[in-house]
Amino acid sequence: MKKFVSFVLSFFLICNVFADTESSRSANRKTALRYLQLAKHYITGQNWESALKSCVTGIEYDDTVADLYYLYSLSLFNLNYTRSEFLPVIEIALDSSKTQWVDYNQSNARIFYSDLLCTTGKPEQAITVLDSEPMIFSADAEFIRAKAYYEINSAESILKAEQKIESARRVYPDDARFVYLFFGYEYNLLYEENEDKTGFVKKELSPVARKIADSFIARVPNYDKEHSDLEIYASIFADGETQKRLLKAFDARGFKNILYPIAALEAGVINQEEAVDYFMEFIDGEIDEKILIQFYSMITDEDLRKYFNEHLDAFNGTLVYDTNNNLEANLVVKYERGRAKQITYDAENDQCIEWEADCDFGMPKEMTVYDQNAIIKFGTYPNVSTVIFKNANNENPDDYELYNIIDETYQSKAFKIINAPQVKGTDFFVVDTSTLQHGQELFAEGDIVKSSNTVERPSQEKPGAKILFSLLNGQAYSAVYSADGRVYATALFNLEGDVCATRNVDYDGDLIYEVTEYYAIDDGKMHLSDKDKAAITTNLWGSPLLDAGIYLKTVKIDSNVDTKIDYEIEYYPDGGTVIRSDEDFDGNFDCVYKSYSRVDAKPLKEENSYKILDLNGEQVWVSVITEDKIPVIVKKGEEEIKVVPGKKKGVYWLDSAWETAYENEMLLELEGIPQGHVIQSEYEGSYIRAVIFGRDVFLKRVEREIKNENSLDGEEN
């Protein structure tokens, strides 16, 4: 549901699928208002699904109608979506910079919004919403104000809350919400834990609270049977015979309430044994932790305490805690055999669970941290053994990072479990609510990395790929790359010298690592494109990191697996590249390609070097330098020979050109001659030597008097 709402909201706020013309906007507005009326009709009939769809469609036509967002949030509320899902929707309705109201229901939206704020731990904001101009005064508004003041929980705010209820009891005498609110909060204030934590002390009510309590006690008989629990609250706040009469009347009518044995035992209506027997009817259900401990502390008989302890040792119920002081449980602890089995925590009461811990006989073993998309696994709590971070934007279950933690090097403590100090004669463990933590408080990412010996993360290099990094003191020193469970590469990191990482890769899936990649730190001279940075870091670390400051320095390939490199590429700043290859697999490079760094608008300068076979069958290194793919110089050792284009495409002469007819003749003679083999023919008293070099043919006219006739350039003796 949450994803659906998020998608729809994003769609509403950033898209407008209708034409942005004055006439179309007017037509869309009218259509949106028709859907608004339709939504109202559905809401009148409690058809919340149809109301929701009408609001969605209306907002598609015009996303500035505040009423639609209000009814949209109201529909989500009644369809049991979480508060975290419809809270942002109502905020849009009340944002005057985005929406405007059509009807006069803005006050209802403010009340709805303030109630949400109060419930989700923002009581001060709730009061501000209600008190802003125009100030809202109604039973709903006064109820929320009183609740907010109670929730703030200062001496001043509690007095304001009591004053609000004192006024409301006279203005709205039949509204039972104020009675429940008063008794609920005042009960929490009435009993205070004593200094040695062995029990609770009943405090005196303030004069205002005493007056309210007496008034409500007097009106209890006027409330319907469905409000029978008010009689218990009333009896707790009553005195003497009135208290006893209320308790006896409640019990005589067969009503049941977990507060009855507390109030009845305190008033002397029942004895301790009767109280314990009554309380045991609730022992395996859901119990407020404070009520359980309060009742236990009232039992002083040793035999009854022993009996009670036996039940605590086998406790299979659920303890709930109200940590936000808003009369709503947000910490839930399920027990099994007297120990916590599962603990869930909703920090803000927005019905979006922050974390959930699974326990083994009271000790947390695994915690799912929903707001951080993480899972924490424990060794001996709070020592962490594993931390898993999931990708929040990906439903793929394999898209996660998994940190394996060295034992006893990293702790994450969302809560502390303590032995309840009031319980004597056995160990009964409860949550210390003062130690609760959530969100980022549970993670110190730097410490997680430093404490890990391995990290597993997904890789975008190929489908189904994962990388397992091995760490030492927070630094990766090796990695294993796999896809669908099959290893295809390994790497070493943090090497000495100018190479910071090497990676051996099996590209053809034959389980032999024929490719070795060498990576180095970029000092800012490489000027890589974002595309190149993304490709390099994805291959090495699994995902693109544009600010990583690393580049691929060298690639070496052993294609025939004879442990000798047959292909090698080196990368230099500004596009500079050197490629070496061993064409005959004899362990020696036969060809070298060099691309010079390209600066500004200068021509692209390249150099191709080959071993050619001269007329005597000896191998000689010769290089051809090109500019923008056009040969300009031939090098032999340190000698540079000028290149002159011939008449035919792809034909070049050394030093100076000769007749076109000779070019045609030599091209015919070169047919079937392997690349790099020098041939020679005689024409008109001169020799023409020729060789195929790459895609081009190079010719040299040599005079007869040159005796040494074994090379392309006709070097003299």
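Each value, and the rule that gives it
- Residues numbered from 1 in each chain as written.
- Predicted model: local features only at pLDDT ≥ 70, side-chain atom pairs only at ≥ 80, totals over all residues.
- Heavy atoms only, no water.
- Salt bridge = Lys/Arg side-chain N within 4 Å of Asp/Glu carboxyl O.
- Helix = DSSP H or I, 4+ residues; strand = E, 2+ residues; numbered from the N terminus.
- Buried < 20%, exposed > 50% of the residue type's maximum accessible area, 1.4 Å probe, protein only.
- pLDDT = per-residue confidence, 0-100.
- Contact = heavy atoms within 4.5 Å.
- Axes fitted to C-alpha atoms, helices over the stretch in contact; angles between N-to-C directions.
- Parallel < 35°, antiparallel > 145°, perpendicular 65-115°, else oblique.
- Left-handed = near helix turned anticlockwise from the far one by under 90°.
- Nonpolar A, V, L, I, M, F, W, Y, C, P; charged D, E, K, R; others polar.
- Patch = residues over 30% accessible without salt bridge, like charges linked within 9 Å, V, L, I, M, F, W, Y side chains within 5 Å.
- Areas by Shrake-Rupley, 256 points an atom, 1.4 Å probe, with all protein chains shown as cover.
- Lys, Arg positive; Asp, Glu negative; His and termini not counted.
- Charge placed at Lys NZ, Arg CZ, Asp CG, Glu CD.
- Phe/Tyr/Trp six-rings, centres within 6.5 Å; stacked < 30°, edge-to-face > 60°.
- Polar contact = N/O pair within 3.5 Å; in protein donor to acceptor, adjacent residues only side chain to side chain.
- Core = buried A, V, L, I, M, F, W, Y, C linked by side-chain atoms within 4.5 Å.
- Expected span 1.5 Å × (residues − 1).
- Disulfide = S-S within 2.5 Å.

Colleague: So what exactly am I meant to see when it comes to the pattern of salt bridges here?
Modeller: Side chains that differ in sign of charge can pair as their charged atoms come close. Taken as a whole and judged by the stated rule, the model has 30 salt bridges. With a closest N to O distance of 3.8 Å, Glu156 and Lys160 form a salt bridge. On the criterion of helical spacing, the pair formed by Glu156 and Lys160 is a turn pair, its members being four residues apart in helix 9 (residues 155-171). The exposure class assigned to Lys160 is partly exposed, which follows from its relative accessible area of 33%. Of the charged contacts, one joins Glu401 and Arg457 as a salt bridge, the two residues approaching to 2.9 Å between their closest N and O atoms. Note that Glu401 is positioned in strand 11 (residues 400-405) and Arg457 in strand 14 (residues 452-459), a separation of 56 residues in sequence. The pair Glu401 / Arg457 is uniform in exposure class, with both members buried.

Colleague: Can you walk me through the confidence of the model for the protein chain in this structure?
Modeller: The predicted coordinates ought not to be read in detail in places where the model reports low pLDDT. Confidence along the protein chain averages 90 in pLDDT terms, with 95% of residues attaining 70 or more. Per-residue pLDDT stays below 50 along residues 1-19; that stretch engages in 35 contacts with residues further than four places along the chain or on separate chains.

Colleague: In this structure, what is going on with the packing of helix 4 (residues 66-78) against helix 6 (residues 106-119)? I would like to understand it.
Modeller: When two helices pack together, their arrangement is captured by the angle between the axes and the distance separating the axes. The contact between helix 4 and helix 6 brings their axes to 10 Å, and the two run at 45 degrees. Classified by the angle their axes make, helix 4 and helix 6 are oblique. The way helix 4 lies across helix 6 gives a crossing that is left-handed. Counting all contacts with helix 4, which are made through Tyr70, Ser73, Leu74 and Phe77, the residues of helix 6 involved are Asn108, Ala109 and Phe112. Its residues placed into classes, the contact of helix 4 with helix 6 shows five nonpolar, two polar and no charged.

Colleague: For this particular structure, what's the right way to read the environment of Tyr61?
Modeller: Mapped onto the elements, Tyr61 comes out in helix 3 (residues 48-61). Assessed through its relative accessible area of 25%, Tyr61 is described here as partly exposed. C-alpha of Tyr61 to C-alpha of Trp653: the two residues are 592 residues apart in sequence and 74 Å apart in space.

Colleague: I would appreciate a short explanation of a negative patch on the surface in the present structure.
Modeller: A surface patch of negative charge is lined by Glu273, Glu274, Asp277, Asp301, Glu302 and Asp303. Of all the secondary-structure elements, those providing two or more residues to the negative patch are helix 15 (272-279) and helix 17 (302-313). With respect to the helices and strands, the residue Asp303 is situated in helix 17.

Colleague: Help me understand unusual backbone geometry, please; the structure alone is not making it clear to me.
Modeller: What is expected of a backbone is that most residues other than glycine have negative phi and most peptide bonds are trans. Pro134 follows Glu133 through a cis peptide bond whose omega is -5 degrees. Locating Pro134 in the fold gives a position in the loop between helix 7 (123-131) and helix 8 (139-152). With an omega dihedral of 5 degrees, the bond running from Tyr381 to Pro382 counts as a cis peptide bond. Looking at where Pro382 falls in the secondary structure, it is placed in the loop between strand 9 (374-378) and strand 10 (384-390). The phi dihedral of Gln46 is positive, around 60 degrees, even though this residue is not glycine. If you trace the backbone, Gln46 turns up in the loop between helix 2 (22-44) and helix 3. Classification of Gln46 by relative accessible area gives exposed; the value is 52%. One non-glycine residue with positive phi stands out, namely Leu327, at about 60 degrees. Within the secondary structure, Leu327 sits in the loop between strand 4 (318-321) and strand 5 (331-336).

Colleague: Looking at this structure, I do not really get a nonpolar patch on the surface. What am I missing?
Modeller: Residues Leu468, Val480, Val487 and Tyr513 make up a contiguous nonpolar surface patch of about 280 Å² in total accessible area. As for its placement among the helices and strands, Leu468 is situated in strand 15 (residues 465-472). Classification of Leu468 as partly exposed rests on a relative accessible area of 34%.

Colleague: How should I be thinking about the packing of aromatic side chains in this particular structure?
Modeller: Each aromatic ring pair is specified by the distance between its two centres and by the angle formed by the two planes. Under the definition given, this model contains 41 aromatic pairs. Their ring planes at 25 degrees and their centres at 6.0 Å tell us that Phe250 and Tyr260 sit as a pair that is stacked. Taken together, the positions of Phe250 in helix 13 (residues 240-252) and Tyr260 in helix 14 (residues 260-267) put the pair ten residues apart, joining distant regions of the chain. Each member of the pair, Phe250 as well as Tyr260, is classed as buried. One aromatic cluster in this structure is built from Phe182, Phe183, Tyr187, Tyr191, Phe216, Tyr233 and Phe237.

Colleague: What is the right way to read the packing of helix 10 (residues 176-190) against helix 11 (residues 207-219) from this model?
Modeller: Running from amino to carboxyl end, helix 10 crosses helix 11 at an angle of 130 degrees, the nearest separation of the two axes being 11 Å. Between helix 10 and helix 11, the angle is such that the two are oblique. Like other packed secondary-structure pairs, helix 10 and helix 11 cross with a definite hand, here left-handed. Between helix 10 and helix 11, the contacting residues are Phe178, Val179, Phe182, Phe183 and Glu186 on the first element and Ala209, Ile212, Ala213 and Phe216 on the second. Its residues assigned to classes, the contact of helix 10 with helix 11 shows eight nonpolar, no polar and one charged.

Colleague: Before we go on, may I ask you to explain the side chain of Asn324 in this structure?
Modeller: Position of Asn324 relative to the elements: it lies in the loop between strand 4 and strand 5. Within the structure, the side chain of Asn324 is placed 2.8 Å from the backbone oxygen of Ala347, a separation counted as a polar contact. Setting aside chain neighbours within four positions, we find Asn324 in contact with Glu151, Asn330, Asp346, Ala347, Glu348 and Asn349.

Colleague: For this particular structure, what's the right way to read the nonpolar core?
Modeller: Ile343, Trp355, Met367, Phe415 and Phe443 are the most contacted members of the largest nonpolar core, which totals 170 residues. Per-element accounting of this core gives the leading share, nine residues, to helix 10. Non-local contacts of Met367, meaning those with residues more than four positions away in its chain, are made with Trp355, Glu356, Ala357, Ala374, Ile375, Ile376, Phe378, Ala414, Phe415 and Leu442. Membership of the second largest hydrophobic core comes to 15 residues, among which are Cys591, Ile612, Tyr652 and Val678.

Colleague: Help me understand helix 6 in this model?
Modeller: An α-helical turn contains 3.6 residues, so a residue and the one three or four places further along point in the same direction. Compared with the 20 Å implied by 1.5 Å per residue over 14 residues, the 20 Å span of helix 6 between its first and last C-alpha is a close match. With ten of its 14 residues buried, helix 6 lies for the most part within the structure. When we look at burial in helix 6, the residues that qualify are Ala109, Arg110, Ile111, Phe112, Tyr113, Ser114, Leu116, Leu117, Cys118 and Thr119. Structurally, helix 6 contributes buried residues whose contacts are with helix 4, helix 5 (83-93), helix 7 and helix 8. In the stretch just after helix 6, Gly121 is the one whose phi turns positive, near 85 degrees.

Colleague: What am I meant to see in the state of the cysteines here?
Modeller: Cysteine pairs can be linked by a disulfide, which is a covalent bond between their two sulfur atoms. One pass over the structure, following the stated rule, counts zero disulfides. Here Cys118 stays unpaired: no disulfide links it, and the sulfur of Cys352, its closest cysteine neighbor, is 19 Å away. Classification of Cys118 by relative accessible area gives buried; the value is 0%.

Colleague: Got a minute to help me understand the side chain of Glu289 in this structure?
Modeller: As for its placement among the helices and strands, Glu289 is situated in helix 16 (residues 289-298). No salt bridge is formed by the buried Glu289; its nearest oppositely charged neighbour, Lys290, is found at 8.6 Å. Setting aside its immediate chain neighbours within four residues, Glu289 contacts Leu319, Val320, Tyr321 and Val430.

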